[in-house]
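Chain by chain, the residues:
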Amino acid sequence: MRSQIVRQLRRLHSYRASDPIEEELRGWNYYMPPIKPRRYLGLSISDVAYKYCETKRDVYLRKVLKIQGEQRTPLLLGQAIHEIVRNVSNEVVKLLSSGYKPWSVLETLFRNNKIVRSLCPPQFIKYCEEVYKAYALDLLSDFSDSTSFIPVISEFKVDGSPLGLSSRLSVDAIMQLSLVVEMKVGSVQEFHRLALAGYGMALESALELPIDFGALIYVNGINTSSPEFKVEVFYVSPDMRKEFLDARDEVIDMISQEKDPGMPVSCSPSCPFLNYCNNNKR
């Protein structure tokens, strides 16, 4: 994990040098456009960045009509994997910091993996157990006597309200105080990177520190019961920031005007509003 992030970061430093971030696009300039929002609606990062519903009708249903979505199995699995990874990463850092050797850390973790069965949907227990073991092995495989570069999934809370976002955004991890980390379960989506821009600018507004890079950790292999971890590191560039801010303003306009954006061409099977939309087609 660490080696993948470091290797990709080296490549991105040249991008930052050739395309520097203008001061007006730093989160700490939340009192002036384009960072300053048109309205303060407490939006989540997913409200803005994610397009599992291409028309954003899911946001309209949740924010305007106040419809309660269903907890579907893919969402429950994602939440379980997230909690398992968070537990493993925190335990690895705690044990290493207490003087445990890497092999002793693994022995301890493998003896105490009861958390898996309490979190995971029954049909995915075996897969979740494999994720628990595989993630621990991955973190420790390139351990270099320092816990500072281990991506601890700790749900760091940050106030995003100056940007029109939620006052309790939950950032998966921050590394070296310059790289924000988000974990995803499932397939790679182009729009996932926008979440990094949103979290990065929110952190800049709260910490007054530049957040120039972001990493997406993908957990996959569900169908094979053999976990796969993939890391993609991005430069949180001016264009990425502008794209997030434009998406935020579009969502603000949609909610303010209370205008139904309509059904998408196709619906994600994991959408929590799938049954509602199917039963209320226009």
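Details of the structure are given in the entry above.
Residues numbered from 1 in each chain as written. Predicted model: local features only at pLDDT ≥ 70, side-chain atom pairs only at ≥ 80, totals over all residues. Heavy atoms only, no water.

Enquirer: A description of helix α8 (residues 192-207) should follow, citing residues and the corresponding values.
Expert: Since the α-helix advances by 3.6 residues per turn, residues separated by three or four positions end up pointing in the same direction. Its 16 residues place the ends of α8 23 Å apart at the C-alpha level, agreeing with the 22 Å of an ideal helix rising 1.5 Å per residue. Of all 16 residues in α8, 14 are buried, a share of seventy percent or more. Glu-208 sits one or two residues past α8 and shows a positive phi near 60 degrees. (Helix = DSSP H or I, 4+ residues; strand = E, 2+ residues; numbered from the N terminus. Expected span 1.5 Å × (residues − 1). Buried < 20%, exposed > 50% of the residue type's maximum accessible area, 1.4 Å probe, protein only.)

Enquirer: Which residues make up the environment of Ile-174, and what are the values?
Expert: With respect to the helices and strands, Ile-174 occurs in strand β3 (residues 173-175). The class of Ile-174 is partly exposed, set by a relative accessible area of 23%. Among all residues touching Ile-174, those that are not within four sequence positions of it are Phe-156, Leu-179 and Leu-203. (Contact = heavy atoms within 4.5 Å.)

Enquirer: Let's hear about the packing of aromatic side chains: which residues, and what values?
Expert: Under the defined criterion, the tally for this structure stands at six aromatic pairs. Ring centres 6.0 Å apart and planes at 80 degrees place the aromatic pair Tyr-30 and Tyr-31 in the edge-to-face group. Members of the aromatic cluster, connected to one another through ring pairs, are Tyr-50, Tyr-52 and Phe-191. (Phe/Tyr/Trp six-rings, centres within 6.5 Å; stacked < 30°, edge-to-face > 60°.)

Enquirer: Just give me the short version of a negative patch on the surface, but keep the residues and values in it.
Expert: A grouping of Asp-19, Glu-22, Glu-24 and Asp-239 is seen on the molecular surface, where their side chains present a negatively charged patch. You can see Glu-24 is positioned in the loop between α1 (2-18) and α2 (45-49). Overall, the relative accessible area of 40% leaves Glu-24 in the partly exposed class. (Patch = residues over 30% accessible without salt bridge, like charges linked within 9 Å, V, L, I, M, F, W, Y side chains within 5 Å. Areas by Shrake-Rupley, 256 points an atom, 1.4 Å probe, with all protein chains shown as cover. Salt bridge = Lys/Arg side-chain N within 4 Å of Asp/Glu carboxyl O. Lys, Arg positive; Asp, Glu negative; His and termini not counted. Charge placed at Lys NZ, Arg CZ, Asp CG, Glu CD.)

Enquirer: Talk me through the sheet that holds β3; I want residue IDs and the actual numbers.
Expert: In spatial order, the strands read β3-β4-β5-β6; together these four strands make up an open sheet with mixed pairing. Looking at the sheet topology across the chains shown, the edges are occupied by β3 and β6 (228-235). The mean inter-strand angle of the sheet, taken between neighbouring strand axes irrespective of direction, is 25 degrees. Relative to strand β5 (residues 213-220), strand β4 (residues 179-185) runs parallel, the two sharing seven bridges. In the sheet register, Val-185 faces β5, and the bridge partner there is Val-219. (Pairing = 2+ DSSP bridges. Axes fitted to C-alpha atoms, helices over the stretch in contact; angles between N-to-C directions.)

Enquirer: Lay out the state of the cysteines in plain terms, naming residues and giving numbers.
Expert: Any covalent bond linking the sulfur atoms of two cysteines counts as a disulfide. Under the defined criterion, the tally for this structure stands at one disulfide. For Cys-120, the disulfide goes to Cys-128, at an S-S distance of 1.9 Å. With the S-S dihedral at roughly 45 degrees, the linkage between Cys-120 and Cys-128 falls on the right-handed side. Each of the two residues, Cys-120 as well as Cys-128, counts as buried. Cys-277 supplies the cysteine sulfur nearest to Cys-267, a cysteine that is in no disulfide, at a spacing of 5.9 Å. This cysteine, Cys-271, is not joined by any disulfide, and Cys-53 carries the nearest cysteine sulfur, 6.0 Å off. A relative accessible area of 16% places Cys-271 in the buried class. (Disulfide = S-S within 2.5 Å.)

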